[in-house]
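Remarks on the overall topology
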Amino acid sequence: VQLQASGGGLVQAGASLRLSCAASERTVGYSAMGWFRQRPGKEREIVAAISWSGSSTYYEDSVKGRFTISRDNAKNTLYLQMNSLNPEDTAVYYCAARKIFYGSIYTRADDYDYWGQGTLVTVSS
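What this report covers is the structure whose coordinates are included nearby. (Residues numbered from 1 in each chain as written. Predicted model: local features only at pLDDT ≥ 70, side-chain atom pairs only at ≥ 80, totals over all residues. Heavy atoms only, no water.)

1. Topic: the packing of aromatic side chains
Here the distance between the centres and the angle between the planes together describe a pair of aromatic rings. Going by this rule: Only Phe, Tyr and Trp rings take part, Trp by its six-membered ring, and two of them pair if their centres are within 6.5 Å. Stacked means planes under 30 degrees apart, edge-to-face means over 60, and tilted covers everything else. Counting from the N terminus, the helices are DSSP H or I runs at least four residues long and the strands are E runs at least two residues long. Only protein chains enter the accessibility calculation, which uses a 1.4 Å probe. A residue is then buried if its area is under 20% of the maximum for its type, exposed if over 50%, and partly exposed in between. Lysine NZ or arginine CZ positioned within 6 Å of the ring centre and within 35 degrees of the ring normal marks a charge as sitting over the ring.
One pass over the structure, following the stated rule, counts eight aromatic pairs. With a centroid separation of 5.8 Å and 40° between ring planes, the pair formed by Tyr-30 and Phe-101 is classed as tilted. Residue Tyr-30 is found in the loop between β3 (17–23) and β4 (33–38), and its partner Phe-101 is found in the loop between β9 (91–97) and β10 (114–115); the two are separated by 71 residues along the sequence. By relative accessible area, which is 41% here, Phe-101 ends up partly exposed. Ring pairing ties together the aromatic residues Tyr-30, Trp-52, Phe-101 and Tyr-102, which thus form one cluster. A cation over a ring is seen here: Arg-44 above Trp-115, with NZ or CZ 4.7 Å from the ring centre. Positioned over the ring face of Tyr-106 is Arg-98, at 3.7 Å from the centre of the ring.

Given below as structure tokens:
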């Protein structure tokens, strides 16, 4: 399984971006997925996670109310809508998927088996 993340860029504070993560296999539609980010000098951290069906979601506290994770299993694609961006959101964003089918919410990087290459989001003040 290959994951291709896209949608990053350079924006000003307050702007919005939508990240996409396209999966090479339809079977990813049966797997829980997540978005992680790695800020400069920091370890990789969970941003948001979604169950395989999309019925359950999780958000890290700092992005609650600003970011929305969603998926379109018919298109094998995961999304992260990011609104009200601020400079602290500057990071490389990674999408991830589990190998095991079904499942709900997973927040640890070790829970995931497949990773996208990362897309850089830079927010200027």
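Still more to cover.
2. Things to note about the side chain of Asp-89
Condition: The term polar contact refers here to a pair of N or O atoms within 3.5 Å; inside protein, the definition further demands a hydrogen-donor-capable atom paired with an acceptor-capable atom, and it admits residues adjacent in sequence only when both atoms are side-chain atoms. A contact between two residues is defined here by any heavy atoms of the two lying within 4.5 Å.
Position of Asp-89 among the secondary structure elements: in the loop between β8 (77–82) and β9. For Asp-89, a relative accessible area of 1% puts it in the buried group. A distance of 2.8 Å separates polar atoms of two side chains, one belonging to Asp-89 and the other to Arg-66. With near-sequence residues (within four places) excluded, Asp-89 lies in contact with Arg-37, Arg-66, Phe-67, Ser-84, Val-121 and Val-123.

3. Topic: the state of the cysteines
The condition is simple: Criterion for a disulfide: a pair of cysteine sulfur atoms within 2.5 Å.
In this structure the tally under the stated criterion is one disulfide. Covalent S-S linkage joins Cys-21 and Cys-95, the inter-sulfur distance amounting to 2.1 Å. Since a negative S-S torsion denotes a left-handed disulfide, the Cys-21-Cys-95 link at about 65° is right-handed. Here Cys-21 is found in strand β3, whereas its partner Cys-95 is found in strand β9, with 74 residues between them in sequence. For the residue pair Cys-21 and Cys-95, the accessibility class agrees, reading buried in each case.

4. Topic: the nonpolar core
It is characteristic of soluble globular proteins that their nonpolar side chains tend to be buried jointly. Rule in force here: Joining through side-chain atoms within 4.5 Å is the link that ties buried Ala, Val, Leu, Ile, Met, Phe, Trp, Tyr and Cys residues into a set, and such a set is a nonpolar core.
Counting residues in each nonpolar core, the largest one holds 27 residues, and the members touching the most others are Trp-35, Leu-80, Met-82 and Tyr-93. Mapped by element, the contributors of at least two residues to this core are β1 (3–6), β3, β4, β5 (45–50), β7 (67–72), β8, β9 and β11 (119–124). When neighbours within four sequence positions are excluded, Leu-80 is seen to be in contact with Leu-17, Arg-18, Leu-19, Trp-35, Val-47, Ala-48, Phe-67, Thr-68, Ile-69 and Tyr-93. One finds Phe-36, Ile-46, Ala-49 and Tyr-112 within the second-largest nonpolar core, a separate group that totals five residues.

5. Some points on the sheet that holds β1
The criterion, for reference: Between any two strands, at least two bridges found by DSSP are needed for them to pair. Here an angle of 0 to 180 degrees is reported between the N-to-C directions of two axes, which are lines fitted to C-alpha atoms, with helices fitted over the stretch in contact.
Taken in spatial order, the four strands line up as β1-β3-β8-β7 in an open sheet, and their pairing is antiparallel. The outermost strands of the open sheet, each flanked by one partner alone, are β1 and β7. The mean angle between the axes of side-by-side strands here comes to 15°, regardless of whether they run parallel or antiparallel. Of the pairings in the sheet, the one linking β1 to β3 comprises four bridges and is antiparallel in character.

6. A short note on the side chain of Thr-90
Within the fold, Thr-90 resides in the loop between β8 and β9. On the basis of relative accessibility, which here comes to 18%, the residue Thr-90 falls in the buried class. Separated by 3.0 Å, the side chain of Thr-90 and the backbone oxygen of Pro-87 make a polar contact. A distance of 2.9 Å separates the side chain of Thr-90 from the backbone nitrogen of Val-123, its partner in a polar contact. Dropping the residues within four chain positions of it, Thr-90 is found in contact with Arg-39, Pro-40, Val-121, Thr-122 and Val-123.

From the geometry alone we can't say anything about function, so treat these as descriptive.
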